[in-house]
Amino acid sequence: MWQLVRLNENYDEAFHQVSKALEYWPKFLVHKNKQRLTKITQYLIRGRNLAKNTKGKIVSIPKKEKKKEERSEGKAQMAARIDSSIEQELLKRLKSGLYDDIYSFSSSKYEGEIIEQEQIQGKEGHLQHRSASKQKKIKEEREHVELEYE
């Protein structure tokens with residue numbers, strides 16, 4: 001009784017296919033099927049046009065949220081500056097030898113930074129290198145020193 005018929009993508013040809021396939025059916029059913037075909041075709045055309053013409057959605061950001069974000073960004077930048085300045089000061093003190101006698105620690109973490117700082121200063125004409133053997137000797141001495149706290 002029912003048969004599935006694939007319709008052509010062209011609306012006019014599909015319309016004629018419906019007319020021929022439902023030739024011996026009551027006019028009311030033929031008319032309903034043609035209306036359904038028209039409705040589906042218009043739906044597809046509207047969907048294509050919407051997909052073609054879609055633009056970015058403009059979203060407003062509330063002023064309170066914007067100010068809150070700006071304040072938190074400012075605080076984060078200040079904290080980063082403070083952390084950076086503290087790190088630079090500690091590296092400067094470490095490089096000058098201020099902590100040599102006070103603490104024993106593995107300087108392997110900091111040697112890379114010290115060398116990097118020396119290279120930066122070397123470009124400015126203030127480069128002072130330690131010999132590799134002297135660096136190893138200092139490293140060994142630091143690793144075997146124990147601290148006593150009062």
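Computed from a predicted structure; not experimentally measured.

Our next topic: the overall build of the chain. The number of helices and strands found in the chain is five helices and zero strands. Going from the N terminus to the C terminus, the chain shows its helices and strands as α-α-α-α-α. In the chain, buried positions account for 9% of the 150 residues. Across the chain, every contact between residues at least 6 apart in sequence was considered, and the portion connecting residues at least 24 apart equals 39%. Accessible area of the chain: about 14200 Å², with a carbon and sulfur share of 53%.

Attention now moves to the packing of aromatic side chains. For the coordinates displayed, the defined rule picks out one aromatic pair. Ring centres of Y11 and F15 lie 5.8 Å apart, and the angle between their planes is 45 degrees; on these two criteria the pair is classed as tilted. Highlighted residues: Y11 and F15, both in helix α1 (residues 11-21), separated by four residues, approximately one helical turn. The class of Y11 is partly exposed, set by a relative accessible area of 27%. By relative accessible area, F15 is classed as partly exposed at 27%.

In this structure, A14, V18, L22, V30 and L37 together form the largest nonpolar core, which totals five residues. For V18, the residues in contact, after removing those within four places along its chain, are L7, N33, K34 and L37.

Turning next to the confidence of the model for the chain. Confidence in the prediction of the chain, expressed as mean pLDDT, is 78, and 67% of residues score 70 or more. The least confident element of the chain is helix α5 (residues 132-143), whose mean pLDDT is 57; the most confident is helix α2 (residues 27-53), at 94. Across residues 125-130, where pLDDT falls below 50, the model places ten contacts with residues more than four positions away in sequence or in other chains.

Taken together, the side chains of E65, E69, E70 and E73 define an acidic patch exposed on the protein surface. Locating E70 in the fold gives a position in helix α3 (residues 63-96).

Another aspect to go through is a nonpolar patch on the surface. A cluster of nonpolar side chains, I40, Y43 and L44, forms an exposed patch at the surface whose accessible area comes to about 320 Å². Inspection of the secondary structure assignment puts I40 in helix α2.

Cut-offs applied
- Residues numbered from 1 in each chain as written.
- Predicted model: local features only at pLDDT ≥ 70, side-chain atom pairs only at ≥ 80, totals over all residues.
- Heavy atoms only, no water.
- Helix = DSSP H or I, 4+ residues; strand = E, 2+ residues; numbered from the N terminus.
- Buried < 20%, exposed > 50% of the residue type's maximum accessible area, 1.4 Å probe, protein only.
- Contact = heavy atoms within 4.5 Å.
- Areas by Shrake-Rupley, 256 points an atom, 1.4 Å probe, with all protein chains shown as cover.
- Phe/Tyr/Trp six-rings, centres within 6.5 Å; stacked < 30°, edge-to-face > 60°.
- Core = buried A, V, L, I, M, F, W, Y, C linked by side-chain atoms within 4.5 Å.
- pLDDT = per-residue confidence, 0-100.
- Patch = residues over 30% accessible without salt bridge, like charges linked within 9 Å, V, L, I, M, F, W, Y side chains within 5 Å.
- Salt bridge = Lys/Arg side-chain N within 4 Å of Asp/Glu carboxyl O.
- Lys, Arg positive; Asp, Glu negative; His and termini not counted.
- Charge placed at Lys NZ, Arg CZ, Asp CG, Glu CD.

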